[in-house]
Each structure stands twice: as C-alpha cells, then as structure tokens.
Amino acid sequence: MTQPSQNMVEARSVRKWFGSNEVLKSISLEVPRGQVLCLLGPSGSGKSTFLRCINHLETIDGGRISVDGELIGYTQRGDKLHEMKPKEIARQRRGIGMVFQRFNLFPHLTALDNIVEAPQGVSGVPKAQARERAVALLERVGLADRVDAYPAQLSGGQQQRVAIARALAMEPKLMLFDEPTSALDPELVGDVLDVMRDLAASGMTMIVVTHEIGFSREVADRMVFMDGGVVVESGKPADVLDNPQHERTQLFLESVL
Amino acid sequence: MTDRVDFDDSDDVVAVPLRHPGRWIAAVAILLVLAALIHSLWTNTNIIHSSITEFLFDPRIIKGVGLTIFITVVSMVIATILAIVLAVMRMSANPVLRAVSFGYIWFFRGTPLLVQIVFWGYLGLLYSQIAAGIPFTSIQFFAIDTNTLIPALVGGVIALSLNEAAYAAEIVRAGLLSIDHGQREAAYSLGMGPGYTLRRIVLPQAMKVIIPPMGNETISMLKNTSLLAVVAVAELYTAATQISAQNLRQVELLIVASAWYLFMTTVLSIPQYYLERRFGRGTARELPLTPFQQLKAAIARGRGRSNSRREVAQLQKGSLS
C-alpha cells in the first residue's frame with residue numbers, strides 16, 4: 001500500500017459534513033506529480049473545503065486522502081485508523097504549502113520575517129541561511145525591494161506574492177491555492193498569476209481553486225468542475241471549457257465567460 | 001458667482017482657521033472653578049502646608065514608596081503569567097481545564113479583594129503547617145510553619161496576584177479572541193504547532209489589544225497595594241497612616257501619599273506608551289510619533305504657521321528607519 005505512487009495526491013470517496021449539511025459527497029481524484037489541477041465551480045460547491053481537507057485544516061468524515069503516499073491526519077494500524085498527534089500533523093503540513101484568498105500574512109512581521117519564521121522556527125534552518133533563502137524568494141516573486149516592508153505597507157498583489165514566497169520557503173512538494181486572486185484589484189491579478197505560472201513551469205505539483213478561466217486553460221493539466229459537493233466533470237481544460245458534457249458545467253461557464 | 005483666489009499648483013492649503021468662541025467660554029469657566037477650588041485648599045488654615053513638605057521625603061515614606069512599587073511590579077508579573085495560563089485553559093478543548101479556569105475567575109472576581117487579603121493574612125489559622133507530600137497518603141517530604149513560609153508581605157503579594165490574574169485572564173482572552181482565525185490557519189499550514197503559533201503569531205498580535213487595559217490594571221494594582229494596610233505591610237499608605245497616628249496630621253499625610261501615588265501613576269504610563277508603540281508595529285502604515293517627536297512637529301508647525309503635514313510625514317519617515 002505504501003509503495004511510492006506516481007500520484008502526489010490521492011483522494012478516495014472523501015465525505016465531509018458541516019452539521020447536517022453534507023458539503024463533500026464522495027469526492028475521488030488524483031493529482032500526478034508535477035501536474036497542475038484547477039478546481040472550478042460556483043461558490044458553496046465545496047471546492048475550498050476539499051482543498052482545506054488536503055492539509056487537514058478540516059477533518060474529513062469519510063474516505064481517505066493521501067499526499068506523497070502518506071495518509072493525511074491519520075495512521076493506519078491493522079484495519080484501524082488512529083488520529084495523529086498535533087506534532088505529526090504539523091510535520092505533514094510542512095510538505096504542503098497553502099496560499100489563502102485573504103493572504104493571511106502575519107501583520108506584526110516584515111515581509112522577510114514572515115518568510116523566515118517557519119523555516120527558522122519549526123524546521124531549524126540556521127538564521128543566516130533562512131534569511132538568504134527568503135531574500136532569494138522575494139526576488140523570485142519580484143519583491144526584492146520590499147524586504148523590510150510590513151504587510152500593511154504592501155498592496156494586495158504584493159501581499160499575496162509574499163504569501164506565496166512564505167509557503168515556498170518550507171520547500172513543499174505540493175502547493176494549494178485557495179482562490180489566490182479573488183480578493184485582488186483586477187490590475188494586480190496579473191503579477192500573482194505570473195508567479196504561479198512560473199511555479200507551474202518549474203514542475204511544482206499544484207491544486208488551484210480559481211475563477212480565472214484564462215489562467216486555468218493555459219496552466220492546468222487537468223480541470224475539475226465541482227457543484228453541490230460532487231465532481232460534475234473533469235478532463236483536459238480544453239475539453240471541459242470548450243465542450244462541456246453536463247448542463248451544470250455549461251450554465252456555469254456561460255455565466256463566468 | 002464665486003470669487004476665485006489665484007493659486008499656484010504647488011501651493012499648500014493656507015486657510016484662515018475657523019473660530020470657536022464656545023470653546024473659549026467653556027475653557028474660561030472651567031479654569032475659574034478650578035482656580036477657586038485650589039485657592040480654597042491653599043488658604044485653608046486647617047491644613048498645615050509646611051508639614052506636607054516636611055514629610056514628602058521622610059525616610060519612612062520613601063521606604064513605603066519603594067515597597068509599593070515592589071509589590072505592584074511583582075504582583076503584576078505573577079498575575080500576567082497566571083492570566084495567560086488561565087486564558088489558554090479557558091479556550092482549551094479540555095472541558096476540565098475550561099471549567100477550572102471558569103471557576104477560578106468566578107471565585108476571585110466574585111469575592112472582595114479586601115477579604116482575600118485578610119484571608120491570606122489569616123492562613124496560619126486555617127493551616128498551621130504547610131507540607132509537601134503525596135496527597136491522600138501519609139508520605140511527607142517537608143513541613144513548614146505557615147506564618148514562617150508566608151509572612152504578611154508574601155501573603156499580600158499572593159492575594160493581589162491571584163485576584164488580579166482573574167481580571168487579567170479575561171483581558172488576555174479578549175486579546176486572543178481578537179486575532180483573526182486566518183492567522184492560526186496560516187501558521188498551521190506552515191507546519192507550526194499550536195504552542196508555537198500561540199507564542200510567536202497570536203500573542204504578539206494580541207498584545208496590541210491587551211496592553212491598554214493592562215495599563216489600567218497596573219494603575220489599579222498600584223493603588224490596591226494600600227489595602228495591605230489591613231495586614232500591616234509597611235507600604236506607602238501604611239507608612240503615612242503610621243506617621244499621622246503619632247502627629248495627628250491625617251489630611252497632610254494623605255496629601256503626601258496621594259502626591260506619591262499620582263507621581264507613580266504618571267511614571268507608569270510612560271512604559272505603557274512605548275510598549276503600545278512596540279507592539280503596534282505593522283498595524284499602522286506609519287508609527288505614531290513619540291511625545292518628543294510630537295513636540296518637535298508642533299514647534300515646526302508653529303514656526304511655519306501652515307497646516308502642512310509635511311513635517312509630520314518627515315518625522316514619521318525618520319522614526320521608521
């Protein structure tokens with residue numbers, strides 16, 4: 001069961017309830033290593049919730065999720081599942097970067113310190129090395145001149161690029177993006193998408209929840225359309241976007257395009 | 001038809017300020033009342049003013065001031081640490097910890113501080129010895145006479161700390177609750193554990209909300225130390241009343257004590273200001289000016305007689321770098 005699979009993420013029959021509301025109704029999908037998966041769907045379709053289940057920010061009520069061949073949040077001994085200790089969950093999350101819609105930068109730290117905090121504090125990277133890497137990452141996202149700026153002094157687009165650099169500083173094998181451009185002014189979206197495009201080209205495995213149809217057509221290896229907690233349709237972006245098979249997909253695409 | 005004032009594109013706005021006659025009338029009225037009050041105290045023949053200056057720097061008073069500051073600082077430090085523990089317990093997933101924290105706060109806020117101080121003073125009546133051992137067995141490591149272990153000063157500090165912790169716990173909890181949940185999620189997603197997240201991400205941000213009410217609490221604590229007079233701790237108020245018991249100049253010595261309390265309160269607000277500035281980093285686009293910088297800006301504005309914000313902006317830039 002634990003032999004390295006060519007899939008980075010495997011989700012099987014994932015179910016999730018919020019109270020009496022079933023938000024994920026048996027979701028199954030795989031993301032092969034180095035590929036980009038874009039999740040599309042109307043709000044409330046469960047796509048953000050599913051993303052948050054992958055790094056155990058939400059616990060799942062049914063099914064299994066594994067990343068890099070390792071079950072997330074639980075250990076299987078015999079035929080029983082055991083909840084993981086917070087320390088082990090933290091270790092698993094170190095390999096999974098996440099970028100939030102509302103950036104969630106730490107406002108009391110400068111851009112550089114935001115990036116340095118986790119590698120230095122939890123991975124034990126020496127200070128000088130962590131700072132050097134952070135500066136390189138800020139350069140990579142085009143913010144070499146804003147090293148000492150506090151988040152409140154940065155524009156939304158700049159904050160989101162710092163947030164991406166912060167996630168990359170942990171050298172994750174998988175990156176999750178939860179509507180990374182939805183809170184941005186239109187003219188700031190492009191810079192963030194450029195950074196994500198570069199990241200995809202560098203071979204990073206990515207799952208992106210987005211409403212940027214153009215971006216997903218260009219970057220995604222596969223696209224999944226979700227509605228009402230189920231996967232309605234999936235396939236190559238061109239197929240899903242230009243030749244949708246289901247009525248719900250067609251209606252959604254008509255309303256956003 | 002409006003008159004137009006010629007202006008250059010680069011001109012600052014230089015306008016005649018709006019006059020506020022009502023403000024002037026109110027200010028004069030209030031100053032008159034204040035002057036009358038001060039005059040009546042100053043000329044009151046029942047107050048012997050010379051004894052105020054005589055006892056202001058009396059060695060017993062100075063010793064009392066020192067002890068008051070010591071008790072305030074020690075009690076606040078213990079109370080703050082305990083408050084953080086109580087606040088975290090109160091927000092824990094463990095129902096026993098939550099209930100204990102709730103019960104603690106309920107009890108210590110619900111009984112008068114004076115009663116708590118007297119209780120700790122009389123602890124020797126309740127437990128003549130304090131011993132360490134294994135509960136519910138007869139195994140004992142050591143035992144000490146209660147009055148030796150807890151003299152009046154220690155009892156007083158314990159009473160003030162435990163009582164203050166109950167209030168401060170709610171302040172800390174309010175601070176922790178004020179931090180957006182996204183901050184914790186971001187920290188968790190980077191692989192930080194709950195303890196690390198609390199220490200490095202949540203608490204430093206919560207400090208901004210915690211410090212102003214804790215400044216209040218510190219000032220309350222400073223004045224509550226005077227309640228230790230009931231267990232004969234020689235702090236400022238006790239020292240003043242002991243002197244006036246001999247020379248019967250009660251009012252004069254109360255004025256001496258009040259002057260010192262006022263002075264200490266004033267001094268205590270200074271570190272608060274700088275703490276707020278320290279933990280306010282990153283929340284405002286520009287740091288607020290220190291009082292010294294404000295003075296400089298005011299002088300600069302007075303000279304220029306303009307409404308320009310330029311000097312202020314320059315000073316702020318200087319304070320950031």
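Residues numbered from 1 in each chain as written. Chains lettered and ligands numbered in written order. Predicted model: local features only at pLDDT ≥ 70, side-chain atom pairs only at ≥ 80, totals over all residues. Heavy atoms only, no water.

S.K.: Can you help me understand the overall build of chain A in this one?
M.R.: In terms of helices and strands, chain A carries nine helices and twelve strands. Here chain A has a C-alpha radius of gyration of 18 Å; the compact-globule value for 257 residues is 18 Å, and the two agree. Each of the three principal axes of chain A carries a C-alpha extent, and together these read 50 × 50 × 35 Å. Every one of the 257 residues in chain A was classed for burial, and the buried ones make up 54%. (Helix = DSSP H or I, 4+ residues; strand = E, 2+ residues; numbered from the N terminus. Rg over C-alpha atoms; globule rule 2.2 N^0.38 Å. Buried < 20%, exposed > 50% of the residue type's maximum accessible area, 1.4 Å probe, protein only.)

S.K.: Is there a simple way to explain the interface of chain A and chain B in this structure?
M.R.: As a measure of interface size, the accessible area lost when the parts come together is often cited. Each side of the interface is counted separately: chain A has 25 residues, and chain B has 23 residues. Together, Phe106, His108 and Glu117 of chain A form the three largest contributors to the area buried by chain A at its contact with chain B, with a combined 26%. Linking chain A to chain B there are two salt bridges. Ionic pairing is found between glutamate 185 of chain B and arginine 52 of chain A, a salt bridge with its closest N-O pair at 2.5 Å. At the surface where chain A touches chain B, the tally comes to seven residue pairs in polar contact (both at pLDDT 80 or more). Put simply, the parts of the chain that give the side of chain A that touches chain B at least two residues each are helix 2 (86–94), strand 8 (96–99), helix 3 (111–122) and helix 5 (156–168) of chain A. Residue composition of the side of chain A that touches chain B, grouped by class: 15 nonpolar, five polar and five charged. (Contact = heavy atoms within 4.5 Å. Buried area = accessible area lost by both parts, 1.4 Å probe. Salt bridge = Lys/Arg side-chain N within 4 Å of Asp/Glu carboxyl O. Polar contact = N/O pair within 3.5 Å; in protein donor to acceptor, adjacent residues only side chain to side chain. Nonpolar A, V, L, I, M, F, W, Y, C, P; charged D, E, K, R; others polar.)

S.K.: I'm lost on the sheet that holds strand 10 (residues 205–209) of chain A in this one. Help?
M.R.: Strand-to-strand pairing in sheets goes through backbone hydrogen bonds, with the strands running parallel or antiparallel. Residue and element names in this part refer to chain A. Read across the sheet, six strands follow the order 8-9-10-3-11-12 without closing on themselves; strand pairing throughout is mixed. Of all strands in the sheet, those bounded by a partner on one side alone are strand 8 and strand 12 (230–235). Averaged over neighbouring strand pairs, the angle between their axes works out to 15° when direction is ignored. Two strands pair when backbone bridges link them, and strand 3 (residues 36–40) and strand 11 (residues 222–227) are joined in this way by four bridges, in the parallel orientation. Bridge pairing in strand 11 places leucine 40 opposite phenylalanine 225. Packed on one face of the sheet, helix 6 (residues 186–201) meets strand 3, strand 9 (174–178) and strand 10 and runs near 145° to strand 10. (Pairing = 2+ DSSP bridges. Axes fitted to C-alpha atoms, helices over the stretch in contact; angles between N-to-C directions.)

S.K.: I'm lost on unusual backbone geometry in this one. Help?
M.R.: Excluding glycine, most residues fall at negative phi; most peptide bonds, likewise, are trans. Unusually for a residue other than glycine, serine 13 of chain A sits at a positive phi of about 45°. Residue serine 13 of chain A is classed as partly exposed on the basis of its relative accessible area, which comes to 32%. Not every positive phi belongs to a glycine, and leucine 248 of chain B is a case in point at roughly 60°. Mapped onto the elements of the fold, leucine 248 of chain B is located in the loop between helix 11 (236–247) and helix 12 (250–279).

S.K.: Sorry if this is basic, but what is going on with the pairing of strand 10 of chain A here?
M.R.: Consecutive side chains along a regular strand alternate between the two faces of the sheet. Residue and element names in this part refer to chain A. The element strand 10 is extensively covered by neighbouring structure, given that five of its five residues are classed as buried. Burial along strand 10 is two-sided: the residues Thr205, Ile207 and Val209 and Met206 and Val208 are all buried. As judged from the four bridges shared by strand 3 and strand 10, these two strands associate in the parallel manner. Following the sheet pairing, leucine 37 is matched in strand 10 by isoleucine 207.

S.K.: What is the right way to look at the environment of serine 75 of chain B in this model?
M.R.: Residues and elements named next belong to chain B. For serine 75, the location among the structural elements is in helix 3 (residues 59–90). Its relative accessible area of 0% is what places serine 75 among the buried residues. Apart from the residues within four sequence positions on either side, serine 75 is in contact with Val157, Leu160, Ser161 and Met221.

S.K.: Got a minute to help me understand the environment of leucine 24 of chain A in this structure?
M.R.: Residues and elements named next belong to chain A. Among the secondary structure elements, leucine 24 is positioned in strand 2 (residues 21–32). We classify leucine 24 as buried; its relative accessible area is 0%. For the pair leucine 24 and valine 230, spaced 206 residues apart in sequence, the C-alpha separation works out to 6.4 Å. If near-sequence neighbours (up to four positions away) are discounted, leucine 24 is found in contact with Val14, Arg15, Lys16, Gly46, Thr49, Phe50, Cys53, Met226 and Gly229.

S.K.: Explain the state of the cysteines to me, please; I cannot follow it from the model alone.
M.R.: The bond known as a disulfide is covalent and runs between the sulfur atoms of two cysteines. The final tally for this structure, using the stated rule, is zero disulfides over all chains. Free cysteine: cysteine 38 of chain A, not disulfide-bonded; nearest cysteine sulfur from cysteine 53 of chain A at 19 Å. (Disulfide = S-S within 2.5 Å.)

S.K.: Would you mind going over the sheet that holds strand 2 of chain A with me for this structure?
M.R.: Residue and element names in this part refer to chain A. Read from one edge to the other, the open sheet built from four strands follows the order 2-1-4-5, with strand pairing classed as antiparallel. At either margin of the open sheet sits one strand with a lone partner, and together these are strand 2 and strand 5 (70–71). As defined by bridge partners, strand 1 (residues 7–18) adjoins strand 2 across eight bridges and the pair is classed as antiparallel. Residue pairing across strands places tryptophan 17 opposite glutamate 22, the latter belonging to strand 2. Relative to the sheet, helix 1 (residues 47–54) contacts strand 1, strand 2 and strand 4 (62–67), its axis offset from that of strand 2 by approximately 60°.

S.K.: Please clarify how the environment of tyrosine 104 of chain B should be interpreted in this entry.
M.R.: Residues and elements named next belong to chain B. Tracing the backbone through its elements, the reader meets tyrosine 104 in helix 4 (residues 95–110). You can call tyrosine 104 buried: its relative accessible area is 17%. Spatially, the C-alpha atoms of tyrosine 104 and glutamate 252 are 41 Å apart, while their sequence positions differ by 148 residues. Not counting chain neighbours up to four residues away, the residues in contact with tyrosine 104 comprise Leu82, Leu86, Leu162, Ala165 and Ala166.

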